[in-house]
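What follows is each chain in one-letter form.
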Number of protein chains: 2
Amino acid sequence: MPDIQDLDPRKAAILEAVVTEYIGTAQPVGSHHVAEAAGINVSSATIRSEMVALEREGYLVQPHTSAGRVPTDKGYRFFVDQLAEPGVLGPAQRHKVSRFFEQVHGEMEELLERTSGLLSDLTSYASVVVPPSHDAVVVRSVQLVGLGARVALLVAVLADGAVEKRAIELPEEIPDEVLAVASGRLQAAAQGHPLGSVHVADPSGDAAVDRVVSLAESALGDLECEAHDRIFVGGPSRLAAAFDAVDTVRAVLATLEQQLVVVSLLRDVLERGLSVAIGTEHGYEPLSACAVVVAPVSVDGQVGGAVGLLGPTRMNYPQALAAARVVGEQLGDRLRATLDAGPSARPVRETRPRRRARGRR
Amino acid sequence: MPDIQDLDPRKAAILEAVVTEYIGTAQPVGSHHVAEAAGINVSSATIRSEMVALEREGYLVQPHTSAGRVPTDKGYRFFVDQLAEPGVLGPAQRHKVSRFFEQVHGEMEELLERTSGLLSDLTSYASVVVPPSHDAVVVRSVQLVGLGARVALLVAVLADGAVEKRAIELPEEIPDEVLAVASGRLQAAAQGHPLGSVHVADPSGDAAVDRVVSLAESALGDLECEAHDRIFVGGPSRLAAAFDAVDTVRAVLATLEQQLVVVSLLRDVLERGLSVAIGTEHGYEPLSACAVVVAPVSVDGQVGGAVGLLGPTRMNYPQALAAARVVGEQLGDRLRATLDAGPSARPVRETRPRRRARGRR
DNA sequence: TCTGGCACTCGATTCTACCGAGTGCCAAGG
DNA sequence: CCTTGGCACTCGGTAGAATCGAGTGCCAGA
């Protein structure tokens, strides 16, 4: 792509006018409308000739001859990267956010669920919240609870307030007392360590206890991997409002149902250092009519989770970006607050110096 | 409504033909098509005159003069109550179900989530799973874990494998040791009792401990009430496929987002002794284009939860009913299995004799 | 280089005609 | 009395023609 650099300032202004107009009206915009836009002081004829250039360079397309122009993905990209000013939340929205994070109480899962609701309320797009993985988060408590004769539930409470659980099939019938012993040993070994690195050193006298402990140990390891595939989707009904083709709606909804896909989508986008992926930029076919806005959720400088917005490519990028950033930041702060206030060990803080989340653009 | 009783057998046959045809094709069906249907041996003229009668009585409507007929809600109702034969799952579907319940492992939340997926897979409608409330389920374990300096997390494991949790704001800074003592006292008092009726009898020597314990006690009571408002929605994208008006899709999706509404909808329907609510029969305006199929999930004869299907009024009722019933039953069995296999107390079984879930129609 | 003018395109809208599925009615036949 | 074939009629949907208008590309003149 040779022409990713700048555009003629006038072309840029025209492109900007087209994008903003189209975002507002969803109608192809013609040279006449552009000429009326603020900051443009040339006639429609001039604009027309600039538009053919813009079209040749791939920033605009005509749905059909003799219709107005519509931005391409590339056009939106240029707009987002070079033209749009940062965008701020309105006072009402800002108020909503701060009140939300003041009022919200309680427990992690609920917090995430409600955060996704907040985001989609603010923007009227569908939202996704991917919680940070628990890689570095230490265990606060582990417990084994007998459920059936040969089933036990492993419950781990992490320092960030998350509760992870997993059923364990026992190879034989284990009396409650043995479970209790195993539970105690696990608790002693796990407290203060991250999920993945729990290891009970020396064997107890009891072989049954040891068997249970080792099962639970590997289950803890599994938890670390599995935990972060639960995502929180907010306001899917907004999608139906955003698209008028019912097929598109179905395809997008179906994609949203596949949590793994969504998680890796957001992760991909973040890893490429982007905060916006437009149309086909992320390689996910069924979402080619969508734009995705992502903001990291970083806890102590470590990017763990993400919040995202999903809307039509003609979305209000500045506003969506602002909302995602603010909510992502606040959520991160909130999560860190829980972590930091811990009465005892806070190894994450010690091992990793605080670092500002690297902003982009 | 005077005319809820039976219909002329011939009228009934015609109505049945119209309904089945319309369910299949989504096109208004004319007298000619009906005449060709199996079991009808009269001419189209006769059918026409019967149809005017059916229309006068409210079972059919014409979208416009000189189009075929479409069933009304009342028409579907009659079909479901009097005409449709029970309906069975195909062998492939039956296989899917049984394999699912054999394979599914682990923990309650995941079980419910995946069950909703199963249901919507079987039927290609959107599904809802409302877990049984924990009224009668006894506590297997309770634990207090300190999170922040003045925040503790109350984690309760119930006999059915559910894990309920709630953050508690502490009025003062409580050292871990005090929490541990309180946790132990709670555990002793709660184990084997249902969530609502946990009471720690005699005070300890320590006032701080007692304060924490009483806070936790009331939190346990809250948990009982709150717990059942988390529902599991499967396959919302199916809705986009079922309706072609994008407005309808949006309205229905928006309703599905309000968990409380959905829960009370299903509850209402079940309480009225129905398993199907068609169109406006449930008073929920935005869902007037939908039919809801509900089946109870009963554990030990106690109806606690429900599974539901949400589709267009022209849904395949026999199949949907069969799927919902089977999955509801299996889910109930599954939940009871966890309960029954408990190594120690099983008070529910003792106090309530097993009773067959009363079938209807 | 910009601009106003102009011919041209082509989707959207409207109108007409027409087809055909479907109806209601009726008179004849069981 | 019920059924049936016949018949005129309705009216949505489709196809084609006419029209409208927003928008374009091009060009000559400032």
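Reading guide: rules and limits
- Residues numbered from 1 in each chain as written.
- Chains lettered and ligands numbered in written order.
- Predicted model: local features only at pLDDT ≥ 70, side-chain atom pairs only at ≥ 80, totals over all residues.
- Heavy atoms only, no water.
- Least-squares fit on C-alpha atoms with pLDDT ≥ 70 in both.
- Contact = heavy atoms within 4.5 Å.
- Phe/Tyr/Trp six-rings, centres within 6.5 Å; stacked < 30°, edge-to-face > 60°.
- Helix = DSSP H or I, 4+ residues; strand = E, 2+ residues; numbered from the N terminus.
- Buried < 20%, exposed > 50% of the residue type's maximum accessible area, 1.4 Å probe, protein only.
- Near = heavy atom within 4 Å.
- Polar contact = N/O pair within 3.5 Å; in protein donor to acceptor, adjacent residues only side chain to side chain.
- Nonpolar A, V, L, I, M, F, W, Y, C, P; charged D, E, K, R; others polar.
- Pairing = 2+ DSSP bridges.
- Axes fitted to C-alpha atoms, helices over the stretch in contact; angles between N-to-C directions.
- Domains from an automatic or database assignment.
- Core = buried A, V, L, I, M, F, W, Y, C linked by side-chain atoms within 4.5 Å.
- Buried area = accessible area lost by both parts, 1.4 Å probe.
- Salt bridge = Lys/Arg side-chain N within 4 Å of Asp/Glu carboxyl O.

*Asks:* Would you take a moment to explain the relation of the copies chain B and chain A for this structure?
*Replies:* Least-squares fitting of chain B to chain A yields an RMSD of 0.1 Å, with the superposition described by an axial translation of 0.0 Å and a rotation of 180 degrees. Classification of the inter-copy transformation places it as that of a two-fold axis. Closest approach to the rotation axis among the C-alpha atoms of chain B is made by Val246 of chain B, whose C-alpha sits 3.0 Å away. Both copies contact each other with a shared surface, as 98% of the interface residues of chain B are interface residues in chain A too.

*Asks:* Please explain the packing of aromatic side chains as it appears in this structure.
*Replies:* Centre distance and the angle of the planes are the two values used to describe a pair of aromatic rings. Under the counting rule described, the total for this entry stands at 6 aromatic pairs over all chains. Here the aromatic rings of Tyr76 of chain A and Tyr317 of chain A are separated by 5.9 Å at their centres, their planes lie at 50 degrees, and the arrangement is tilted. Residue Tyr76 of chain A is located in helix H4 (residues 73-83), and its partner Tyr317 of chain A is located in helix H12 (residues 317-340); the two are separated by 241 residues in the primary sequence. Here Tyr76 of chain A and Tyr317 of chain A have matching classes, each one buried. Seen from their ring centres, Tyr59 of chain B and Phe78 of chain B are 5.7 Å apart, and the 75 degrees between their planes marks the pair as edge-to-face.

*Asks:* I tried to follow the protein's contact with DNA strand D on my own but got confused; where do I start?
*Replies:* Close contacts around DNA strand D come from 20 residues, with Ser31 and Val52 of chain A together with Arg10, Thr46 and Ser66 of chain B the closest. Counting only atoms of DNA strand D within 4 Å of the protein, the sugar-phosphate share comes to 73%. The contact in question runs from a phosphate oxygen of DNA strand D to an N or O atom on the backbone of Ser43 of chain B, over 3.1 Å. Sorting the residues of the surface near DNA strand D by element identifies helix H2 (31-36) and helix H3 (44-56) of chain A together with helix H3 (44-56) of chain B as the ones contributing at least two each. Per-class residue counts for the surface near DNA strand D are 5 nonpolar, 11 polar and 4 charged.

*Asks:* How should the sheet that holds strand S3 (residues 126-130) of chain B be read in this particular structure?
*Replies:* In any sheet, the strands associate via hydrogen bonds between backbone groups, in a parallel or an antiparallel arrangement. All names here are of chain B. With antiparallel pairing, 5 strands are arranged side by side in an open sheet as S7-S3-S10-S9-S8. Edge positions in the sheet fall to strand S7 (232-234) and strand S8 (276-278), since each has one partner strand and no second. The mean inter-strand angle of the sheet, taken between neighbouring strand axes irrespective of direction, is 20 degrees. Taken together, the 10 bridges between strand S9 (residues 290-299) and strand S10 (residues 302-312) define a ladder with antiparallel strand orientation. In the strand pairing of S10, Val292 is matched with Leu310.

*Asks:* What am I meant to see in the domain arrangement of chain A here?
*Replies:* Often, the extent of an interface is quoted as the loss of accessible area upon association of its parts. When its domains are assigned, chain A resolves into domain 1 (2-83), domain 2 (91-131 + 230-351) and domain 3 (139-228). The centre of domain 1 of chain A, based on its C-alpha atoms, is set 61 Å off from the matching centre of domain 3 of chain A.

*Asks:* Honestly, the pairing of S9 of chain B in this entry has me stumped. Any pointers?
*Replies:* Two faces belong to every sheet, and in a regular strand the side chains alternate between them. Residues and elements named next belong to chain B. Across the 10 residues that make up S9, a large majority, 9, are buried. For S8 and S9, the ladder comprises 3 bridges, and the chain directions are antiparallel. Opposite Val276, over in S9, you have Val293 as the bridge partner. Linking S9 back to S10 in an antiparallel pair, the connection comprises 2 residues, with Asp300 at a positive phi of about 55 degrees.

*Asks:* Would you mind going over the protein's contact with DNA strand C with me for this structure?
*Replies:* Around DNA strand C, a shell composed of 20 residues is seen, among which Arg10, Thr46 and Ser66 of chain A together with Ser31 and Val52 of chain B lie nearest. Each atom of DNA strand C within 4 Å of the protein was assigned to sugar, phosphate or base; sugar and phosphate come to 73%. The contact in question runs from a phosphate oxygen of DNA strand C to an N or O atom on the side chain of Ser31 of chain B, over 2.6 Å. Between Arg48 of chain B and DNA strand C, the recorded distance is 3.1 Å, taken from a side-chain N or O atom to a base oxygen. Listing elements by their share of the surface near DNA strand C, those giving two or more residues are H3 of chain A together with helix H2 (31-36) and H3 of chain B.

*Asks:* Help me understand the nonpolar core, please; the structure alone is not making it clear to me.
*Replies:* For soluble globular proteins, the rule of thumb is that nonpolar side chains tend to be buried together. In this structure, Leu15, Val34, Leu144, Leu154, Val293, Tyr317 and Leu331 of chain B are the most contacted members of the largest nonpolar core, which totals 89 residues. Counting residues per element, this core draws most heavily on helix H12 (residues 317-340) of chain B, at 10 residues. Other than its neighbours up to four places away in sequence, Leu154 of chain B contacts Val142, Gln143, Leu144, Glu164, Lys165, Arg166, Ile168, Leu186, Ala216, Ala219 and Leu220 of chain B. In this structure, Tyr76, Tyr125, Val178 and Leu220 of chain A belong to the second largest nonpolar core, which totals 88 residues.

*Asks:* What should I look at first to understand the side chain of Gln93 of chain A in this one?
*Replies:* Residue and element names in this part refer to chain A. Among the structural elements, Gln93 can be located in helix H5 (residues 91-103). Residue Gln93 is classed as buried on the basis of its relative accessible area, which comes to 18%. Apart from the residues lying within four places of it in its own chain, the contact partners of Gln93 are Leu122 and Gln319.

*Asks:* Hey, could you run me through the interface of chain B and chain A in this one?
*Replies:* Contacts between the two partners involve 41 residues from chain B, matched on the other side by 41 residues from chain A. Of the roughly 3400 Å² buried where chain B meets chain A, counting both sides, 64% is carbon and sulfur surface. One salt bridge in this structure joins Lys165 of chain A and Glu109 of chain B, with 3.7 Å as the shortest N-O distance. For the pair chain B and chain A, the interface holds 6 residue pairs in polar contact (both at pLDDT 80 or more). Within the residue set of the side of chain B that touches chain A, elements represented by two or more residues are strand S4 (139-148), strand S5 (151-158), strand S6 (163-169), helix H9 (237-242) and helix H10 (246-257) of chain B.

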